[in-house]
Amino acid sequence: MDEQTDLREAAPHARNPLTQVPIEIMISVGKARPKLGDLLRIEQGAVLPLDTRVEDPVELYVGDRLIARGELQELEGDQAGQLAVRLIDIADLESGF
């Protein structure tokens, strides 16, 4: 079977060229709430505490739309040290979570 035949038999969304367009997913790990005076005095090397812990779920957004929640993980092997997200909850895009 050639590639063109495969495409005709694939699901309609698989033939849509828009399915190949990359999108940006923003991962939200928490918020900081410093006082304005503290923020104006901030210096390099300062630590800005967040309202979350390392083990808390992170939120994944496309634009301003929450699409999933996940857990931060560190990759191993050739990609050791790189962060990744393991999805734990995916939104129903029509009705939310």
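Just so you know, these numbers come straight off a predicted model, no measurement behind them.

1. Quick notes on the overall build of the protein
Thought 1: When helices and strands are counted, the protein shows three helices and four strands.
Thought 2: Ordered by position from N to C terminus, the α and β elements of the protein give α-α-β-α-β-β-β.
Thought 3: Looking at the protein as a whole, 7% of its 97 residues are labelled buried.
Thought 4: By sequence separation, contacts in the protein at least 24 residues apart represent 33% of the contacts at least 6 residues apart.
Thought 5: Surface summary for the protein: the accessible area is close to 8600 Å², and the carbon and sulfur share equals 53%.

2. Structural notes on a nonpolar patch on the surface
Thought 1: Together, Ile23, Ile25, Ile27, Val29, Leu50, Leu72 and Leu83 line one region of the surface with nonpolar side chains, adding up to about 600 Å² of accessible area.
Thought 2: Positionally, Leu83 belongs in strand β4 (residues 83-90).

3. Notes on the confidence of the model for the protein
Thought 1: Here the protein averages 87 in pLDDT, while 84% of its residues score no lower than 70.
Thought 2: Under a pLDDT of 50 for its full length, residues 1-8 has, in the predicted model, four contacts with residues more than four places off or in other chains.

4. Things to note about the sheet that holds strand β2 (residues 58-62)
Thought 1: One open sheet accounts for four strands, arranged β1-β2-β3-β4; its pairing is antiparallel. Only two strands of the sheet have a single partner each, and these edge strands are β1 (26-28) and β4. Adjacent strand axes in the sheet meet at a mean angle of 40° when their direction is disregarded.

5. With respect to the pattern of salt bridges
Thought 1: Under the criterion given, the structure shown has five salt bridges.
Thought 2: A salt bridge links Asp51 to Arg33; the nearest nitrogen and oxygen atoms lie 3.1 Å apart. Of this pair, Asp51 sits in the loop between α3 (36-40) and β2 while Arg33 sits in the loop between β1 and α3, and the two are 18 residues apart along the sequence.
Thought 3: For Asp51, a relative accessible area of 45% translates into the label partly exposed.
Thought 4: Among the ionic contacts, a cluster of salt bridges with common partners joins Glu59, Arg69 and Asp89.

6. What about the pairing of β2?
Thought 1: Note: β1 against β2, three bridges, orientation antiparallel. Paired with Ile27 across the bridge in β2 is Leu60.
Thought 2: Hairpin connection between β2 and strand β3 (residues 65-74): a loop of two residues separates the two successive antiparallel strands, and Gly63 in this loop has a positive phi of roughly 65°.

Scoring rules and cut-offs
- Numbering of residues starts from 1 in every chain and runs along the sequence as written.
- Reporting in this predicted model follows two pLDDT cut-offs: at least 70 for local features of residues, and 80 or more for side-chain atom pairs to be given and counted; totals over whole chains, interfaces and linings ignore these cut-offs and use all residues.
- Derived side-chain values reflect all non-hydrogen atoms in the structure, with water molecules and hydrogen atoms excluded from consideration.
- Put simply, DSSP H or I for four residues or longer makes a helix, DSSP E for two residues or longer makes a strand, and each gets a number counted from the N terminus.
- Classification of residues uses two cut-offs on accessible area relative to the type maximum, computed with a 1.4 Å probe and protein chains only: under 20% is buried, over 50% is exposed, and between them is partly exposed.
- Any two residues whose heavy atoms approach within 4.5 Å are treated as being in contact.
- All accessibility values rest on the Shrake-Rupley procedure with a 1.4 Å probe; residue burial counts only the protein chains present in the view.
- In this analysis, a patch consists of residues with relative accessible area above 30% that form no salt bridge, clustered at 9 Å for like charges and at 5 Å for the nonpolar side chains Val, Leu, Ile, Met, Phe, Trp and Tyr.
- Here a salt bridge means any side-chain nitrogen of Lys or Arg lying within 4 Å of a carboxyl oxygen belonging to Asp or Glu.
- Scored between 0 and 100, pLDDT is the confidence that the predictor attaches to each residue.
- Two strands make a pair as long as DSSP finds a minimum of two bridges between them.
- What counts as an axis is a line fitted to C-alpha atoms, over the stretch in contact for a helix, and the angles between N-to-C directions run from 0 to 180 degrees.

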